[in-house]
Amino acid sequence: FKIAVMASGSGSNFQKLAEAARDGRIPAAIELLVCDKPSAKVVERAESLGIDTFAFNPKDYPSREAYEQEILNKLLELGIDLIVMAGYMRLITPVLVEPYYGKLINIHPSLLPSFPGLHAARQALAAGVKVTGVTVHYVDGGMDTGPIIAQRAVEVLGDDTEDTLYARIQAEEHVLLPDTVRLIAEGKVLLEDRKVTIHNS
Ligand code: GRF
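Here is what the cut-offs are and how they apply
Residues numbered from 1 in each chain as written. Predicted model: local features only at pLDDT ≥ 70, side-chain atom pairs only at ≥ 80, totals over all residues. Helix = DSSP H or I, 4+ residues; strand = E, 2+ residues; numbered from the N terminus. Rg over C-alpha atoms; globule rule 2.2 N^0.38 Å. Buried ≥ 20, exposed ≤ 12 C-beta atoms within 10 Å, placed from the backbone. Contact = placed C-beta atoms within 7 Å. UniProt positions renumbered as here; feature names shortened; annotations may be inferred. Near = placed C-beta within 6 Å. Nonpolar A, V, L, I, M, F, W, Y, C, P; charged D, E, K, R; others polar. Axes fitted to C-alpha atoms, helices over the stretch in contact; angles between N-to-C directions. Parallel < 35°, antiparallel > 145°, perpendicular 65-115°, else oblique. Left-handed = near helix turned anticlockwise from the far one by under 90°.

Asker: Could you give an account of the overall build of the protein chain, with specific residues and numbers?
Answerer: When its secondary structure is counted, the protein chain shows 6 helices and 9 strands. Against the globule reference of 17 Å for 201 residues, the protein chain gives a C-alpha radius of gyration of 16 Å, in line with a compact fold. In terms of overall dimensions, the protein chain has C-alpha extents of about 50 × 45 × 35 Å along its principal axes. Here the protein chain, with 201 residues, has 37% of them falling under the buried criterion. Contacts in the protein chain between residues far apart in sequence, at least 24 positions, make up 65% of those at least 6 positions apart.

Asker: I'd like to hear about the UniProt feature "binding site: N(1)-(5-phospho-beta-D-ribosyl)glycinamide" (unreviewed entry) in the protein chain, residue by residue, with values.
Answerer: Residues given the UniProt feature "binding site: N(1)-(5-phospho-beta-D-ribosyl)glycinamide" (unreviewed entry) here are Gly11, Ser12 and Asn13. If you trace the backbone, Ser12 turns up in helix H1 (residues 12-22). Apart from the residues lying within four places of it in its own chain, the contact partners of Ser12 are Gln170 and His174. Position of Asn13 relative to the elements: it lies in helix H1. Those residues within four positions of Asn13 in sequence are excluded, and the remaining contacts are Ala86, Gly87, Ile107, Glu173, His174 and Leu177.

Asker: Describe the site of the ligand, listing the residues and the values that go with them.
Answerer: Around the ligand, the structure places 14 residues, and the nearest of them are Gly9, Ser10, Ser12, Asn13 and Gly87. Of all elements in the fold, only H1, strand E5 (104-108) and helix H6 (162-185) reach the threshold of two or more residues within the shell around the ligand. Per-element tally for the shell around the ligand: the top contributor is H1, with 3 residues. Partitioning the shell around the ligand into residue classes produces 5 nonpolar, 8 polar and 1 charged.

Asker: Break down the UniProt feature "domain: Formyl transferase N-terminal" (unreviewed entry) in the protein chain for me, with residues and values.
Answerer: Mapped onto the present numbering, the UniProt feature "domain: Formyl transferase N-terminal" (unreviewed entry) falls on residues 2-181. In the segment residues 2-181, helix accounts for 39% and strand for 22%; the C-alpha atoms at its two ends are 11 Å apart.

Asker: Please provide a residue-by-residue account of H1, values included.
Answerer: All of the buried residues in H1 are Asn13, Phe14, Gln15, Leu17, Ala18, Ala20 and Ala21. Residues of H1 that are buried in the fold lie against strand E1 (2-6), strand E2 (29-35), helix H2 (41-49), strand E4 (82-85), E5 and H6. Taken from the residues just after H1, Gly24 is the one with a positive phi, measuring 80 degrees.

Asker: Describe unusual backbone geometry, naming the residues involved and giving the relevant values.
Answerer: Along the chain, Leu112 connects to Pro113 via a cis peptide bond; the corresponding omega equals 15 degrees. Tracing the backbone shows Pro113 in the loop between E5 and helix H5 (120-127). Residue Asp144 is not a glycine yet carries a positive backbone phi of 60 degrees. Following the sequence through the fold, Asp144 ends up in the loop between strand E6 (131-138) and strand E7 (148-155). You will see that Asp193, though not glycine, has its phi angle at about 50 degrees, which is positive.

Asker: Break down the packing of H5 against H6 for me, with residues and values.
Answerer: Close contact between H5 and H6 brings their axes to 9 Å; oriented N to C, the two are set at 120 degrees. Looking at the two axes, H5 sits oblique to H6. You can see that H5 and H6 cross each other, and the crossing is right-handed. Across the interface between the two elements, Ala121, Arg122, Ala124 and Leu125 from H5 touch Glu162, Leu165, Tyr166 and Ile169 from H6. Here the residues of the contact of H5 with H6 sort into 6 nonpolar, no polar and 2 charged.

Asker: Residues and numbers for the environment of Glu31, please.
Answerer: Among the structural elements, Glu31 can be located in strand E2. A tally of 19 C-beta atoms within 10 Å means that Glu31 is categorised as partly exposed. Between the C-alpha atom of Glu31 and that of Gly158, which follows or precedes it by 127 residues, the distance is 42 Å. Excluding residues that lie within four positions of it along the chain, Glu31 makes contacts with Lys2, Ile3, Ala4, Asp52, Leu78 and Ile80.

Next comes the structure, spelled out in structure tokens:
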């Protein structure tokens, strides 16, 4: 089972996923990192882990579709079964979504559909919710929309700042993402009519 990760930033989720695959906790291999920021820390992490990287600068292409087509060609060439978006900071177009619908997931630091988009922890604090969390969902081309696969709750504490809350959210992400990818790689996640069921016997 072959996985590609798309990420733009620090890559802590990428790292946890890659370690889980390397240590045999996920029956899969991370074959490729796709990164739209060649200077991002995630690129260094991939290098240390010995994972091939396609790092590109979107400005070198005439359109989003053009670089996505190049990404798609690489994914097809490698026979990628699942794309994991972990902090990839761009919306993607039908060029990637259509061929990979149902095989393309994203992790987001809130209980969707609450707080999509940027700064989800900040949004949660501003709204005054007492519980927020983490969501892993299939990507349908919208901004943090698409069928939900798994969620975990994180309590908001009275003295939380954006940093302290986000740190606890990330700790949950680092568990939920590898767990969810394992279920997918084991064939236990079923997507039908935009509804997800998990067969975890
Ligand atoms: C995570 O919080 C993820 O939910 C969001 O982007 C962040 C990426 O963090 N989509 P990292 O680069 O994995 O540390």
